[in-house]
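Here are the chains, one letter per residue:
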There are 2 protein chains.
Amino acid sequence: MQLDERKYRILQAIIDDYIMTAMPVGSRTISRKSGVGFSPATIRNEMSDLEELGYLAQPHTSAGRVPSYKAYRLYVDHLMKTCKLTSDERERMHEHLMSRSKQVEGVIRSAANVLSDATKYTSVIVAPKLGTLRIKHVQLVPVAERTALMIIVTTAGIVKDAVIRVPEGLDADDLYGISRILTQRLADQPLAGVRQAFADLLKNAEQNRKLLGEALQVIEKRLEQGGDASDVIVGGSANLLEYPEYSDVNKARSFLSVLESKDTLRQLMGREGSMEVSIRIGPENQVPELNDCSIVTASYRVGDHSTGTLGIIGPTRMNYNRVISVLDFMGRALSDVLSEYK
Amino acid sequence: MQLDERKYRILQAIIDDYIMTAMPVGSRTISRKSGVGFSPATIRNEMSDLEELGYLAQPHTSAGRVPSYKAYRLYVDHLMKTCKLTSDERERMHEHLMSRSKQVEGVIRSAANVLSDATKYTSVIVAPKLGTLRIKHVQLVPVAERTALMIIVTTAGIVKDAVIRVPEGLDADDLYGISRILTQRLADQPLAGVRQAFADLLKNAEQNRKLLGEALQVIEKRLEQGGDASDVIVGGSANLLEYPEYSDVNKARSFLSVLESKDTLRQLMGREGSMEVSIRIGPENQVPELNDCSIVTASYRVGDHSTGTLGIIGPTRMNYNRVISVLDFMGRALSDVLSEYK
DNA sequence: CGTTAGCACTCGATGGCGTTGAGTGCTAAC
DNA sequence: GTTAGCACTCAACGCCATCGAGTGCTAACG
């Protein structure tokens, strides 16, 4: 059996309705809806077909139909009509985004808030992978006897720091000098290529070998552990509790637990290079706790070589349409703001 | 009517029981409990008295009694027996705390996790007020034409940064030089006193007046807005949903909303100078959404002049005993770790 | 006089039961 | 191919009786 034009229209109407109400949709409801001029009985026949094809399901015999995962997939791939944001709305979002533009982290936090406010779902933003960022500046600052703070400034003014041990007897001026050397040699290297650059450096700097060795280790550790908790920012975690699918406290709790595990989130938000919006529906995402959620992600650019991810997590019956528009817009906006510092 | 020894004992037994079960406590339960050798009838009489005195309340006629806010106050002030953590437990907490000791923010995040894991409530840690920290180092790094990143390293290796505009034609070396001057002049100043130091500096540096002016403004703005969202770290926000008092989704939602508003939290965690553990029960704290929560806070030291706050938010029937022990221990542990970098 | 056993009373929680109504599938007529 | 009609299903709702934990009161007890 093939889907004809009418089946598409009916399926779309059902999904639209279910997205709004979260209640199983009956044949009468669809029949009444403008645009589909058929009686409930006809609709029922079609619904029965759609159920057999796996697009619809019935919670129980005498209830209406609920779209299946397969239906959502079809919906986002073919059926959905895209809506544009009003320019008024764009403006407000952009304005809010700029309100804390003095620091990169502030911008990202604002963006997460804008996303969750605009969609009423939960937003997640992941900073670009460290390995893809380029070093702008390295600075060692003494903080105590035999202890220094290493600060690495990268693309777009993203700052990373770590405490390292230094050999005895180095004063502020020594560290200053070493910082200059480090900066000179490492500037414009991607963090990922820093091992080689460092190796070269070590050859020529016998007396500070130990210090440089430690610095290298710290940077590498940072790279392989792939970012810390502050690289994943969540907004609107309370929003999901608005929806009836989370009126069960246990579901809500397991959802919130996932939001607290930044590692899981980072993995969940991983995506291939493309700038396109990507949609993962229900069982398509790996984490079992989120099997009745959908995750929509987009990318933003930082500098020339790095991209980060911004996304929305909501129930499978989310308003994909709006979420896509918002993410698309915010991805561009965020890229713009962050590449100002490029 | 005065509280005699027996009333104290009974009240304590009731509160202990209620903290464990969250169910109204009946006279039989207390009578059965070892240590109080009286019949249910006697207990009932006493309970009736305690109710009249405002320490107990009945949800409805044929239910047991529930402790009132006043009872908890009495409990934490006089009745509660303090328990010690096992040395095993201390060790595990300390170990976990050290696992990410390379960065200050990492340590604080770990601490928040340790707190929420050890208590099963929600933890909040607030970084020290910016104004009380001392400047260690100032560094300007070029990030684009006419744009620089100003990095301020303070006590204990806490790093703050902001993007600032700089006059045209300044290259990396110029900024380097200016950074040296700034660091020299501002080192060991408390951030709060920086205005005066800056004013002095401006007198002698005619040609870079505009740049320095902007830098000053940025620092001051940071000071008066009193910290950004990353200064307030929350752990275990999902924990509270374990408790029956939050099985109502609406309550849960409003609670989570408070956790998202970092400003409210910072205000909520404000406390006077003392290092003592402080307890605010139910209506004692200002935010109406948290009127059936208790907030227990302690301080940790950063360097010589600054303190931050760590705390636990839980239901009024929280296990005060344990929470206090954990906070007390973690306050010290956190101070130790952070003053290593002093 | 404080303590306690006994007892009637209260009231939320629980579970069975009939009713209601939204929705279905099937059939026959258009 | 479409639709009106109809019997059927089943969760949701409200009603009611039952149950039991807990109370307050009174009278008896040491």
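Residues numbered from 1 in each chain as written. Chains lettered and ligands numbered in written order. Predicted model: local features only at pLDDT ≥ 70, side-chain atom pairs only at ≥ 80, totals over all residues. Heavy atoms only, no water.

Attention now goes to the sheet that holds strand β6 (residues 158-165) of chain A. Residue and element names in this part refer to chain A. Spatially, β4-β5-β6 is the arrangement adopted by the 3 strands of the open sheet, whose pairing is antiparallel. In this open sheet, the two strands that pair with only one neighbour each are β4 (135-144) and β6. Taken pair by pair, the neighbouring strands of this sheet meet at an average axis angle of 20°, ignoring direction. For β4 and strand β5 (residues 147-154), the ladder comprises 8 bridges, and the chain directions are antiparallel. (Pairing = 2+ DSSP bridges. Helix = DSSP H or I, 4+ residues; strand = E, 2+ residues; numbered from the N terminus. Axes fitted to C-alpha atoms, helices over the stretch in contact; angles between N-to-C directions.)

In this section: the pattern of salt bridges. Scanning all chains against the criterion turns up 32 salt bridges over all chains. Two residues, Glu-105 of chain B and Arg-109 of chain B, come together in a salt bridge whose shortest N-O distance is 2.8 Å. Linking Glu-105 of chain B with Arg-109 of chain B, this pair stays in helix α6 (residues 104-119), spanning 4 residues, or about one helical turn. The buried category is assigned to Arg-109 of chain B, whose relative accessible area is 16%. Overlapping salt bridges bring together Arg-6, Lys-7, Glu-46 and Asp-49 of chain A as one network. (Salt bridge = Lys/Arg side-chain N within 4 Å of Asp/Glu carboxyl O. Buried < 20%, exposed > 50% of the residue type's maximum accessible area, 1.4 Å probe, protein only.)

Turning next to the layout of surface pockets. Put simply, the largest pocket is a space of about 1200 Å³. Looking at the lining of the largest pocket, its residues break down into 15 nonpolar, 15 polar and 15 charged. (1 Å grid on protein atoms, 1.4 Å probe; cavity = no way out; pocket = protein on both sides within 12 Å on 5 of 7 lines; lining within 4 Å. Points joined across faces, edges and corners; volume = space filled by probe spheres on them. Nonpolar A, V, L, I, M, F, W, Y, C, P; charged D, E, K, R; others polar.)

So, about the relation of the copies chain B and chain A. Mapping chain B onto chain A calls for a rotation angle of 180° and an axial translation of 0.0 Å; the resulting RMSD is 0.1 Å. Here the symmetry operator amounts to a two-fold rotation axis. The C-alpha atom lying nearest the rotation axis in chain B is that of Val-249 of chain B; the distance is 3.3 Å. (Least-squares fit on C-alpha atoms with pLDDT ≥ 70 in both.)

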